[in-house]
Amino acid sequence: MNKLLCIILLTFFISPVFSAVTDSNNSFEIELTQIPPGGEKNSKSHHGLSDGAVTAITLGSVFGGIGALTGIGYYFFKHSPKLTCGFACGEKCHYQLVSLENSEFITKSKHTYLIKAYNEIENKKSGQYLIIPDTSIEPNTYNTVYFEVPYENKEINFKIIQASAAINNKELDSEIFINPKTNHTANIPAKTLKSEEGIVIKQGKISPQKDKLFAINTCYKTLNKHDASKIYAIIIAFEE
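Residues numbered from 1 in each chain as written. Predicted model: local features only at pLDDT ≥ 70, side-chain atom pairs only at ≥ 80, totals over all residues. Heavy atoms only, no water.

In this structure the tally under the stated criterion is six salt bridges. A salt bridge links Lys194 to Glu120; the nearest nitrogen and oxygen atoms lie 3.2 Å apart. Of this pair, Lys194 sits in strand β10 (residues 190–196) while Glu120 sits in the loop between α5 (112–118) and β5 (128–137), and the two are 74 residues apart along the sequence. Because the salt bridges share partners, they merge into one network encompassing Lys170, Asp173 and Lys202. (Salt bridge = Lys/Arg side-chain N within 4 Å of Asp/Glu carboxyl O. Helix = DSSP H or I, 4+ residues; strand = E, 2+ residues; numbered from the N terminus.)

Attention shifts here to the sheet that holds strand β11 (residues 199–206). To summarise the sheet geometry, strands pair through backbone hydrogen bonds and adopt either a parallel or an antiparallel arrangement. Judged by pairing direction, the sheet is antiparallel, and its five strands sit side by side in the order β5-β13-β7-β11-β10 without closing on themselves. For this open sheet the edge positions go to β5 and β10, each flanked by a neighbour on one side alone. Taken over all neighbouring pairs, the strand axes of this sheet differ in orientation by 15° on average, direction set aside. As defined by bridge partners, β10 adjoins β11 across six bridges and the pair is classed as antiparallel. In the strand pairing of β11, Ser195 is matched with Val200. (Pairing = 2+ DSSP bridges. Axes fitted to C-alpha atoms, helices over the stretch in contact; angles between N-to-C directions.)

Let us look at the environment of Thr185. On the secondary structure map, Thr185 appears in the loop between β8 (172–178) and β9 (186–187). If sequence neighbours within four positions are ignored, Thr185 has contacts with Gly71, Ile72, Tyr75, Phe177, Ile178, Asn179 and Pro180. Within the local environment of Thr185, its side chain forms a polar contact with the backbone oxygen of Asn179, the two atoms lying 2.7 Å apart. For Thr185, the side chain forms a polar contact with the main-chain oxygen of Thr182, separated by 2.9 Å. (Contact = heavy atoms within 4.5 Å. Polar contact = N/O pair within 3.5 Å; in protein donor to acceptor, adjacent residues only side chain to side chain.)

Glancing now at unusual backbone geometry. Although it is not a glycine, Asn140 sits at a positive phi angle of roughly 55°. Among the secondary structure elements, Asn140 is positioned in the loop between β5 and β6 (141–148). Of note, Asn153 is a non-glycine position whose phi angle comes to about 55°, a positive value. Relative to the elements of secondary structure, Asn153 occurs in the loop between β6 and β7 (156–164). When its relative accessible area of 46% is taken as the criterion, Asn153 is described as partly exposed. (Buried < 20%, exposed > 50% of the residue type's maximum accessible area, 1.4 Å probe, protein only.)

One broad trend across soluble globular proteins is that nonpolar side chains are buried collectively. If you look at the biggest cluster of nonpolar residues, it comprises 26 residues, and the most contacted ones within it are Leu130, Phe147, Ile176, Ile216, Ile236 and Phe238. Put simply, the parts of the chain that give this core at least two residues each are β3 (84–89), β5, β6, β7, β8, β12 (213–220) and β13 (230–239). The biggest single contributor to this core is β13, with four residues. Excluding anything up to four places from it in sequence, Ile236 contacts Gln128, Tyr129, Leu130, Phe158, Lys159, Ile160, Ile176 and Ile216. Ranked by size, the runner-up nonpolar core spans 16 residues in total, among them Val98, Leu114, Ala163 and Ile201. (Core = buried A, V, L, I, M, F, W, Y, C linked by side-chain atoms within 4.5 Å.)

The next subject is the packing of aromatic side chains. Inspection of the entire model under this criterion finds two aromatic pairs. Judged by centre distance (5.9 Å) and plane angle (20°), the rings of Phe147 and Phe214 are stacked. Taken together, the residues Phe147 in strand β6 and Phe214 in strand β12 connect sequence positions 67 residues apart. According to the relative accessible area criterion, Phe214 is buried, its value standing at 2%. Between the aromatic rings of Phe147 and Phe238, the centroid separation amounts to 5.6 Å while the plane-to-plane angle is 45°, which identifies the pairing as tilted. With Phe147 in strand β6 and Phe238 in strand β13, the pair connects residues that are 91 residues apart, well separated along the chain. Here the two residues Phe147 and Phe238 agree in accessibility, since each one is buried. Members of the aromatic cluster, joined through ring pairs, are Phe147, Phe214 and Phe238. When the ring centre of Tyr146 is taken as reference, the NZ or CZ atom of Lys181 above it lies at 5.0 Å. (Phe/Tyr/Trp six-rings, centres within 6.5 Å; stacked < 30°, edge-to-face > 60°. Lys NZ or Arg CZ within 6 Å of the ring centre and 35° of its normal.)

This is the structure we're talking about:
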């Protein structure tokens, strides 16, 4: 009888953990041939494309449960316990940066908000960019994208351009994190340059880091848990 009771209790405690695991069901409608070369110089190619180009259109990492309490998950568990993890992309195959010299993969796509973000970029021929096409996010959750920068131990200037439908102040917010998979996860302060009509532009600076792995985190905070999901897109520009 005692053994049976132990099994029942063990099942009760374990089930919520595994039920929290969430697979990303997002997919990007961008042909591989439309993606311009980018990423690190030594990255392997895939039909003439860099790994960065391939990972920039691939989702599907599993995030949640036990994994939610490490790195960024633990950060939000401490600082924003009312938020739950949505999904993480690039957890195992980190996104890499691309150039925008050939931008037709954006301008000729069906991604309304990605195009909206792209139109806010002033100098499109310089720098390296992280591209996150139109993506869905549920109320009071956060989405995470892990990515690598090609700069090591250098100061990095960045500009986050987030595009969506019109939103309330801070309802949909994106931040860059350093050390996203360690106990030293921290967000990077950024100054808001613009916030109107669904466009939020933030600018900041990252001090030299030994680890080239970063994460961009997008939160959707609302007082009404029955609010509909939102669609957003992000382009981050990086310069040394």
